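# Commentary on secondary and tertiary structure
Each chain is listed here by its residues.
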Amino acid sequence: LKGNIFVITSGKGGVGKTTTTANLGVALARLGKQVALVDADIGLRNLDLVLGLEKRIVYDVVDLAEGRCQPRQALIKDKRVAGLFLMPAAQTKDKESVSEAQMARVVHALGVDFDAVLIDCPAGIEHGFRNAVAGADEAVIVTMPEVSAIRDADRVLGMLGTRRARIVVNRVRPEMVRSGDMLSVDDVREILGREILGVVPDEEEIIDTTNRGQPVTLDSGRRLAALYMTMARRLLGEDIPALELGDDGLWNRLRRMVVGQR
Amino acid sequence: MSNDVREQPELIALPAPVETVSPPSEPVTEAASQSTAPTQPKEQRVRRRVPAAVKGRAIVITSGKGGVGKTTVTANLGAALADAGKRVVVFDADVGLRNLDVVMGLENRVRLHALDVLEGRCELDEALVRDRVRRNLALLPAAQNRDKDEIEPDDMNDLVDELTDTFDLVLIDCPAGIEQGFRNAVAGAGEAIIVTTPEVSAVRDADRVAGLLPHDMPARLIINRVRPGLVRKGTMMSVDDKEVIVATNRGRSVVDMPGSPTGQALRRIAGRLLGEEIPIVDLTEKKDWFSGMLSKLRFSQSKAAKG
């Protein structure tokens, strides 16, 4: 195995798993990689909406798992960026309709053909979570600087076993960190005891682009796009220290705000 | 559909069955055919139709999508209903990922949980945690180190049934998703509140959940996190948002924060649940410069008071 299969998970819902999956996928594709995004949220799929590909679904991951179609029939090619593909979830089925072994087979097969496979995990720690995690080599834990999100992230970390897991701290509000009303990124790192993959500020731009099915990373001019590009490079194994990131100035500003200064 | 959603914040009736918010003693029409003697032993699935005078109402708070505010709504609605003089219990059905205790600031007082009751290790009364401030509000915590699959819908039904013997209102905090945990949380409920946000994915999931509820279960909708700024220009709601995060992190109720529009909205929702006729406030209407400034002022005052 190439170790290129990542599950994007969180425990708590609504922290931004799907948005993170979509944007990391776009970023990896923009770096020239062949990327497959797998929506594992059977019954409550949303990755297709966030990518704006909902009208092009023919077959889904359940069809593939049960042998009703070939991978390339189910995969939807994103025409906006070369190398990006979506494996949609079924909407009318149950999470129980796929087993962990079936799911693992599907993602392993994709892992052979693609440089990277990102699995969008459902919220919770039930059957759907176990399915999504089954074939993954590594995990990306999306969390927010909020007590319940961190508690759930910690619970999920405990269920991931020995897999490498890196943290995306999402929806950071620097002004609230400064006023002491929100945990800082350092607090999160300390509590969860894992490497930070990236930090994303809470901006309405994200909600807006997500609602329109147009991931922010598609537009290299956006400030947030640079953050996802950096995270993607870290995922690929590049060692990019947080401090030398200053390509957009945002990180430095964020860092000053988060770490606190006069 | 999404347009309607944006313009109608707060609690509105879903298109399907509009609930008759009648006092529990007034018989519900569908129940007429069922035997309803209060002395009757525990029933199986038809329990939620029993309108016996002593029975409280059991309402499941659900959403499909996570992170839309189920737990926050449950905690605050519980507080507001308790303030209206009702005996209220909030029941955390998110086994394995419980958070209602944290949001209510009661995490250090949790000793036993619902599974302890179900498995006969303690009595229901022993597992209940009373709220710090409100004597008529209690929490039934979930187990943290167990699985949702360890409970059956029938067990939940029995447990909720027992709770309705002593409480006027049982609010069940449902986990995200539509798996076993969801089915368990819905099992004991007689009504549902679906929480959603004005985002495509949240609305899609809410729609899916509405379709999965028992067809005869009255369901109503709460539109949470309305940011008129995204609908129109203006930033009032993001100010208001912050109060919710701060309150939630500190285990306080936003209904207790003076001047919080969210707290006021939740009190109005509580009133509607109890049968009062309270019109829906159109948040996008007041988006002028003046009220924006006013709410900012209020926010800085409440901050100053805290500091």
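Fair warning: this is a prediction, and the values are worked out from it, not measured in the lab. (Residues numbered from 1 in each chain as written. Chains lettered and ligands numbered in written order. Predicted model: local features only at pLDDT ≥ 70, side-chain atom pairs only at ≥ 80, totals over all residues. Heavy atoms only, no water.)

## Thoughts on the overall build of chain B
Quick reminder of the rule: The secondary structure listing takes helices from DSSP runs of H or I that are at least 4 residues long and strands from runs of E that are at least 2 residues long, numbered from the N terminus. The buried label applies to any residue whose accessible area, calculated with a 1.4 Å probe on protein chains only, is under 20% of its type's maximum; exposed applies above 50%, and partly exposed to all values in between. Only heavy atoms enter the contact rule, under which two residues are in contact if any of them lie within 4.5 Å.
A count of helices and strands for chain B gives twelve helices and eight strands. Counting over 307 residues, chain B shows a buried share of 59%. Counting contacts in chain B only where the partners sit at least 6 residues apart, residues at least 24 apart contribute 77% of the total.

## As for the overall build of chain A
So the rule is basically this: Using C-alpha atoms as the atom set, the radius of gyration is obtained and then compared with a globule rule of 2.2 Å times the number of residues to the power 0.38.
Helix and strand counts for chain A stand at twelve helices and eight strands. Against the globule reference of 18 Å for 262 residues, chain A gives a C-alpha radius of gyration of 17 Å, in line with a compact fold. Along the longest, intermediate and shortest principal axes, the C-alpha atoms of chain A span 60 × 35 × 30 Å. Here chain A, with 262 residues, has 61% of them falling under the buried criterion. Restricting the contact set of chain A to residue pairs at least 6 apart, pairs at least 24 apart contribute 74%.

## Examining the sheet that holds strand E3 (residues 76-77) of chain A
All names here are of chain A. For clarity, the cut-off: For two strands to be treated as a pair, DSSP must find no fewer than two bridges joining them. Helix axes are fitted only over the stretch in contact, all axes being lines through C-alpha atoms; the angle between N-to-C directions runs from 0 to 180 degrees.
A sheet is described by the order of its strands in space; here eight strands give the open sequence E3-E4-E2-E5-E1-E6-E7-E8, paired in mixed fashion. If you trace the sheet from one side to the other, it starts and ends with E3 and strand E8 (196-201), each paired once. Two strands pair when backbone bridges link them, and strand E1 (residues 5-9) and strand E6 (residues 138-143) are joined in this way by four bridges, in the parallel orientation. Its bridge partner lying in E6, Phe 6 is registered against Glu 138. Here helix H7 (residues 147-159) sits on the sheet in contact with E1, E6 and strand E7 (164-172), set at roughly 165° to E6.

## Description of the interface of chain B and chain A
One frequently used descriptor of interface size is the decrease in accessible area upon assembly of the parts. To keep it simple, the criterion reads: What counts as buried area is the accessible surface, traced by a 1.4 Å probe, that two parts surrender upon association, with contributions from both included. Any Lys or Arg side-chain nitrogen located within 4 Å of an Asp or Glu carboxyl oxygen qualifies as a salt bridge. Distance and chemistry together define a polar contact, namely a pair of N or O atoms within 3.5 Å, with one atom able to donate a hydrogen and the other to accept it when in protein, and with adjacent residues in sequence counting only for side-chain atoms on both sides. In this count, Pro and Cys sit with the nonpolar residues alongside Ala, Val, Leu, Ile, Met, Phe, Trp and Tyr, while Asp, Glu, Lys and Arg are called charged and the others, Gly among them, polar.
At the junction of the two partners, chain B supplies 43 residues and chain A supplies 42 residues. Here chain B meets chain A over a buried area of about 3,700 Å², counting both sides, of which 47% is carbon and sulfur. Of all residues in chain B, Leu 97, Glu 179 and Arg 204 of chain B bury the most surface against chain A, accounting for 20% of the area lost on that side. The salt bridge involving Asp 101 of chain B is made with Arg 151 of chain A; its shortest N-O contact spans 3.0 Å. Viewed at the interface, chain A and chain B are joined by 21 residue pairs in polar contact (both at pLDDT 80 or more). Within the residue set of the side of chain B that touches chain A, elements represented by two or more residues are helix H3 (100-103), helix H7 (180-187), helix H8 (200-212), helix H9 (228-231) and helix H10 (236-249) of chain B. With six residues, the single largest contributor to the side of chain B that touches chain A is H10 of chain B. A per-class count over the side of chain B that touches chain A returns nine nonpolar, 14 polar and 20 charged.

## Examining the side chain of Lys 65 of chain B
Selection rule: His residues and chain termini do not enter the charge count, which takes Lys and Arg as positive and Asp and Glu as negative.
Summarising the element assignment, Lys 65 of chain B is placed in the loop between strand E2 (57-62) and helix H2 (70-83). For Lys 65 of chain B, which is buried and forms no salt bridge, the nearest opposite charge comes from Glu 199 of chain B, at a distance of 5.7 Å.

## With respect to the pattern of salt bridges
Oppositely charged side chains are able to pair whenever their charged atoms sit close together. Residue and element names in this part refer to chain A. What the rule picks out here adds up to 35 salt bridges over all chains. For Arg 80, the salt bridge is made with Asp 78, and the minimal N-O distance between the two is 2.7 Å. The exposure class assigned to Arg 80 is partly exposed, which follows from its relative accessible area of 35%. Where Glu 203 meets Arg 223, a salt bridge forms, and the shortest distance between an N and an O atom there is 2.5 Å. Residue Glu 203 is located in the loop between E8 and helix H10 (204-211), and its partner Arg 223 is located in helix H11 (residues 223-235); the two are separated by 20 residues in the primary sequence. Using a relative accessible area of 15% as the deciding quantity, one classes Glu 203 as buried.

## Quick word on helix H6 (residues 153-166) of chain B
At 3.6 residues per turn, the α-helix brings residues three or four places apart onto the same side. The line we're drawing: Expected span of a helix, by definition, is 1.5 Å for each gap between consecutive residues, and there is one gap fewer than residues.
With 14 residues, H6 of chain B extends 21 Å between its outermost C-alpha atoms, agreeing within 8% with the 20 Å of an ideal straight helix rising 1.5 Å per residue. Here H6 of chain B has its buried residues at Pro 153, Met 156, Asn 157, Leu 159, Val 160, Asp 161, Leu 163 and Thr 164 of chain B.

## What to know about H11 of chain A
The element H11 of chain A is largely enclosed, with a buried count of eleven among its 13 residues. Those residues of H11 of chain A lying buried are Leu 224, Ala 225, Ala 226, Leu 227, Tyr 228, Met 229, Thr 230, Met 231, Ala 232, Arg 234 and Leu 235 of chain A.

## Some words on a positive patch on the surface
Applicable threshold: Patch membership needs two things, relative accessible area over 30% and no salt bridge, and members are linked within 9 Å if like-charged or within 5 Å if nonpolar (Val, Leu, Ile, Met, Phe, Trp, Tyr). For the accessible areas, the method is Shrake-Rupley and the probe is 1.4 Å, while residue cover comes only from the protein chains on display. In plain terms, the charge of a residue is placed at NZ if it is Lys, CZ if Arg, CG if Asp and CD if Glu.
On the surface, Arg 109, Arg 130, Arg 132 and Arg 135 of chain B cluster together to form a positively charged patch. For Arg 135 of chain B, the location among the structural elements is in the loop between strand E4 (129-130) and strand E5 (137-140).

## Quick look at the nonpolar core
Side chains of nonpolar character tend, in soluble globular proteins, to be buried together. Heads up, the rule is: Side-chain atoms within 4.5 Å link the members of a nonpolar core, which is a set of buried Ala, Val, Leu, Ile, Met, Phe, Trp, Tyr and Cys residues.
Core analysis: the largest hydrophobic core is formed by 53 residues, its most contacted members being Val 38, Leu 110, Ile 119 and Leu 160 of chain A. In contact with Val 38 of chain A, not counting residues within four places along its chain, are Leu 47, Val 61, Met 87, Met 103, Val 107, Leu 110, Val 117, Leu 118, Ile 119 and Asp 120 of chain A. The next biggest cluster of nonpolar side chains, apart from the first, holds 44 residues, and it includes Ala 58, Ala 93, Leu 159 and Met 217 of chain B.

Take it as geometry only, folks, not as evidence of what the structure does.
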